[in-house]
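# Structural overview for review
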Amino acid sequence: MAGAGHPVLWRIVQTIPVLIGVVVVSFVLTRALPGDPAVYFAGAMATPESIAEVRAALGLDQPLVHQFFRYCAALLQGDLGRSVSTGQPVVEDLATRLPASLELTLCALVLSCAVAIPLGILAAVRQGGPIDHLCRILVTAGVSLPTFFTGIVLIYVFYYLLGWAPSPLGRLDFVYLEPPRVTGFLLVDTLLVGDIETFFGAARQLILPSVTLALFTLAPIARMTRAAMLSALSADYVRTARAAGLAPRTVLLTYALRNALLPVVTTLGMVFSFVLGANVLVEKVFAWPGIGSYAVEALVASDYAAVQGFVLAMAVLFVLLNLVIDLAYALIDPRIGFSAK
Amino acid sequence: MPSLDRRAFLASAAAGAGVLPFLRFLPAQAQGRDTLVTVFGQTINSLDLHRVGTNRASYQVAINCYDRLVGFGAKQLPSGEMSYDYDTIVPELAESWTISEDGLAITFKLKPNATFWDGRKVTAEDVKWSFDRAVLAGGFPTTQMRAGGFSRPDQFEALDEETFLVKLDYPSKLSLPNLAVPVPFIINSAIARENATEADPWAMEYLHTTPAGSGAYRVTRWDQGQQLVYERNDSWVGGDLPAIRRVIVREVPSAATRRALVERGDVQVSFDIPDRDASELADRLTVHSTPIENCIHALCLNTRFAPFQDPDVRKAIAFAVPYESIFQAAAYGRGAPLWGGDEEIADIAWPRPFPYATDPERAREHLARSGFAEGFDVTLSISLDLVSWMEPTALLIQEALAPLGITVTIDKIPGANWRTVALVDKTLDMHLENFGGWLNTPCYYFFWAYQKDRLFNSSNYASDVVHDLTDRALHMPVDDPGYAPLIKEMFAHAIEDLPRIPLYQPALNVAMNGASGYEFWFHRQLDVRPLTGA
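The rules behind each value
- The residue numbering used here restarts from 1 in each chain and proceeds along that chain's sequence as written.
- As a convention, the first chain written is A and the first ligand written is 1, with the rest following in written order.
- In keeping with the predicted nature of the model, local features appear solely for residues at pLDDT of at least 70, side-chain atom pairs appear and are counted solely at 80 or more, and the whole-chain, interface and lining totals rest on all residues.
- Excluding hydrogens and water, the side-chain values take into account all heavy atoms of the structure.
- UniProt positions are given in the numbering used here, feature names are shortened, and annotations may be inferred rather than shown by experiment.
- These domain limits were set by an automatic method or by a database of domain assignments.
- Note on contacts: a residue pair qualifies if any of its non-hydrogen atoms lie within 4.5 Å across the two residues.
- In short, buried area is how much 1.4 Å probe accessible area vanishes from two parts on joining, totalled over both.
- Here, a salt bridge means any side-chain nitrogen of Lys or Arg that lies within 4 Å of a carboxyl oxygen of Asp or Glu.
- Pairs of N or O atoms within 3.5 Å make up the polar contacts considered here, provided that, within protein, one atom can donate a hydrogen while the other can accept it, and that residues adjacent in sequence are counted only when both atoms are side-chain atoms.
- Starting at the N terminus, helices and strands are each numbered in turn, a helix being any DSSP run of H or I of at least four residues and a strand any DSSP run of E of at least two.
- For this classification, Asp, Glu, Lys and Arg are treated as charged, while Ala, Val, Leu, Ile, Met, Phe, Trp, Tyr, Cys and Pro are nonpolar and the rest, including Gly, are polar.
- Lines fitted to C-alpha atoms define the axes, with helix axes restricted to the stretch in contact, and inter-axis angles between N-to-C directions lie between 0 and 180 degrees.
- Roughly parallel means an angle under 35 degrees; roughly antiparallel, over 145; roughly perpendicular, 65 to 115; everything else is oblique.
- Helix crossings are classified by the rotation of the near helix relative to the far one: an anticlockwise turn of less than a right angle makes the crossing left-handed, while a clockwise turn makes it right-handed.
- We define a nonpolar core as any set of buried Ala, Val, Leu, Ile, Met, Phe, Trp, Tyr and Cys residues linked to one another through side-chain atoms lying within 4.5 Å.
- Buried means the residue's accessible area, taken with a 1.4 Å probe over protein chains only, is under 20% of the maximum for its type, while exposed means over 50%, and partly exposed covers the values in between.

As recorded in an unreviewed UniProt entry, chain B goes by ABC transporter substrate-binding protein and comes from Salinarimonas ramus. Listed in UniProt under the heading Sequence similarities (unreviewed entry), the comment for chain B reads: "Belongs to the bacterial solute-binding protein 5 family." Under the UniProt heading Subcellular location (unreviewed entry), the entry covering chain B gives this text: "Periplasm".

As recorded by an unreviewed UniProt entry, chain A carries the name ABC transporter permease and is attributed to Salinarimonas ramus. The record in UniProt for chain A states the following under Subcellular location (unreviewed entry): "Cell membrane". Recorded under Sequence similarities (unreviewed entry), the UniProt text for chain A is reproduced unchanged: "Belongs to the binding-protein-dependent transport system permease family."

Given below as structure tokens:
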């Protein structure tokens, strides 16, 4: 990867127009939404005068273009504005809520990959065998069961009936003290201060929601692994490798899997970005203070700054994710390089 | 908005699962405890009620952490439930008060031993500053203050350290009760002033996250979107010292999860649970279902819509509505019926059952007599924020009106838009509405919902007679001999003109497992002060 620094930089520069587009579109779209934040926040008992007062306080009495330039000027200083419903700077809200969602999503994806990739490989190798059937059942179940339903069933069985799982009360039970925030990831922050007990407390809270999300994300990853492995295993280079008498293990893992990983990584990227925004229902069921429920609440209240901040944060995250995936491509398949493009 | 439907489904999924026997997990009787955990489905978005954008769930901070001059007493309802008592005003920070002969001045004497959390004495100057803030902050607090006749700072005067004077432009029976609602709470003005800026003279920024009061509890921790922790203030003089030292309020959006938590006994109070959970948990846990005072779930008929200008059409609908089915399907029988009442208006109880009941025969007769005997098409609008009761209700009404030839189309309107179209523009022909008044008198309800052009008069009802009657009754003392006749006349018009057809009085449901002492409050928030363990 020598000399990749410059092309990577170039890739980042290329994302600037995308982000500008996101800023404009999110600004226009939030204004186009039905619902009037001034009316909403003035409360049910409001009079026309009090609505006008609120409108002026929110700066919504200014012309749209004026509002847009004020928003952009603030944005350039790293200020995403202030959420009316939480009363805090949006940056601060995102900083507390994004890590919660990321931690959950990452745990779920790690879990999901740990199950789905071996399962997909085995299903491809023993095509039509019992493992293949197991894979099919799991995948169908994972796709067809909505996450909130899986979540409720897991709570019902493991918390309600068996009493194994801790109370589904968010990231940390109230008997633990939250560690000082460094990364916002509880698993990391607790280890940074060496608080093993709280670490396990946070990990226990993560288990059920992670499993719920993992079951949901299992399907595309396992299916994609199986399909990619099947096509790799029937490829000429695998036949050649086998004919050359290489050990089955080497053929499978070095020759077939490495080639099959490209589409899997692509799928993984898509699943990740999709799940991060779509795990609202899991967040609701497990009282998880994540970004999804924040966005939905902001949307319901027409909380412009919060919605725009959320969209922008997701866009940045998405851009970064694509970058990481592109880099991963280059690692997996040396033929793909940035300099070649 | 599929997520709402999913949530509703999710609630019912868990409720369905709830039929299985769980008895072995009913916790052993909890002993006297000093920490309580409560859950609810909403989110607290500010610790300062006066701030623009503060939601209803946050009012509980004003109730539990701040004091007012006066509060309401407690009483036992006929059902055995405990409730606040609108008719008894009790001291909170005020030790005593006197109302002048003409009713235009109320003089309060503050408790001499009342202190803020930082130990500073509560003075009349603090009260003055707090009241000025409430009338000048704009938005909801200002509107609510006006209901009691308080609209300008010059109405409030600190006579000396312990004496506070309120001057009124007109005498009103609503003034004193309106000082006991959550809005006029008393802030430590010294701390607030220190943290005020030129752009923010009322320290909204600071008090948003850091309450500064004298109340029974102080907030020791607030993780927005997750939890709030109350710690008892042992030097509170506003009332009897609460039994519980620490109360943890957790926000759990999913009703199914809340139900599991309270059934397992990991939380002691689940506040504002769905009617369905309440009816299913009632024989396993302590469930309080209190009909919400001065609140009515109603079917509103907009007078702008031509067929609804015909009194026979309105009566036909009132006789066609399947009240009992709605009460069972939408409220699971929780609350109070508001149909099948006596023709004769013998008392001034409100909400009261109207003298209509499901009677398809009479509905047909009325419609045949009207100018729309062949029926008509109409849109019934509901709010997506309130689908849990509005959707089943709307479907049942749709079904019941079909045989009359009235074709109903149901329109679901997003919550953020509802207020504008339903209450401000008042353009919805037929819709469901759920107004409830904080101050518990019929005239207060009529003021908001029956007077011409008022916000909650979403039916565009414009009767000069009712308008005038309401104006005359609004500030008159309830025990004035002239009051009851006025109210009865208002009732007669509301029953005859039917701009709103009452369906039922909804209930506020609370499940308790290991705690007691719950009291119902008109503001529909949890007052943690009277709670006790076990």
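Next comes the rest of the write-up.
Turning our attention to the domain arrangement of chain A. Residue and element names in this part refer to chain A. When cut into domains, chain A gives domain 1 (19-76) and domain 2 (98-332). Counting residues at the interface gives 16 residues for domain 1, matched by 13 residues for domain 2. When domain 1 packs against domain 2, close to 1200 Å² is buried across both sides, 73% of that on carbon and sulfur atoms. Taken together, the links from domain 1 to domain 2 amount to zero salt bridges. Seen at the junction of domain 1 and domain 2, the total is three residue pairs in polar contact (both at pLDDT 80 or more). If you list the elements that add at least two residues to the side of domain 1 that touches domain 2, you get α1 (5-32), α2 (37-42) and α4 (64-76). Looking at the side of domain 1 that touches domain 2 residue by residue, the classes come out as twelve nonpolar, three polar and one charged.

All names here are of chain B. Look at helix α11 (residues 323-331) against helix α13 (residues 387-401): their axes get within 8 Å of each other, and the N-to-C directions meet at 150°. One element, α11, and the other, α13, form an angle in the roughly antiparallel class. The handedness of the crossing between α11 and α13 is right-handed. Taking contact as the criterion, the partners of S325, I326, A329 and A330 in α11 are, on α13, S388, W389, P392, T393, L396 and I397. Across the contact of α11 with α13, the residue classes tally to seven nonpolar, three polar and no charged.

Core analysis: the largest hydrophobic core is formed by 160 residues, its most contacted members being B:F108, B:Y230, B:L299, B:I317, B:M430, B:L432 and B:Y450. The residues that make up this core include at least three from each of domain 1 (34-289 + 509-533) and domain 2 (297-505) of chain B. In terms of nonpolar packing, the next biggest core, distinct from the first, is built from 88 residues, A:A123, A:V264, A:M314 and B:V229 among them.

Now for the domain arrangement of chain B. Residues and elements named next belong to chain B. By domain assignment, chain B separates into domain 1 (34-289 + 509-533) and domain 2 (297-505). Just the C-alpha atoms count here: the centres of domain 1 and domain 2 sit 32 Å apart. Facing 29 residues of domain 1, the contacting portion of domain 2 comprises 19 residues. Of the roughly 1800 Å² buried between domain 1 and domain 2 on both sides combined, carbon and sulfur atoms contribute 63%. At the boundary of domain 1 and domain 2, one finds zero salt bridges. Where domain 1 meets domain 2, there are six residue pairs in polar contact (both at pLDDT 80 or more). Taken together, the elements giving at least two residues each to the side of domain 1 that touches domain 2 come down to β3 (82-91), α4 (139-147), α5 (175-178), α9 (275-281) and β12 (286-291). Its residues placed into classes, the side of domain 1 that touches domain 2 shows 16 nonpolar, eight polar and five charged.

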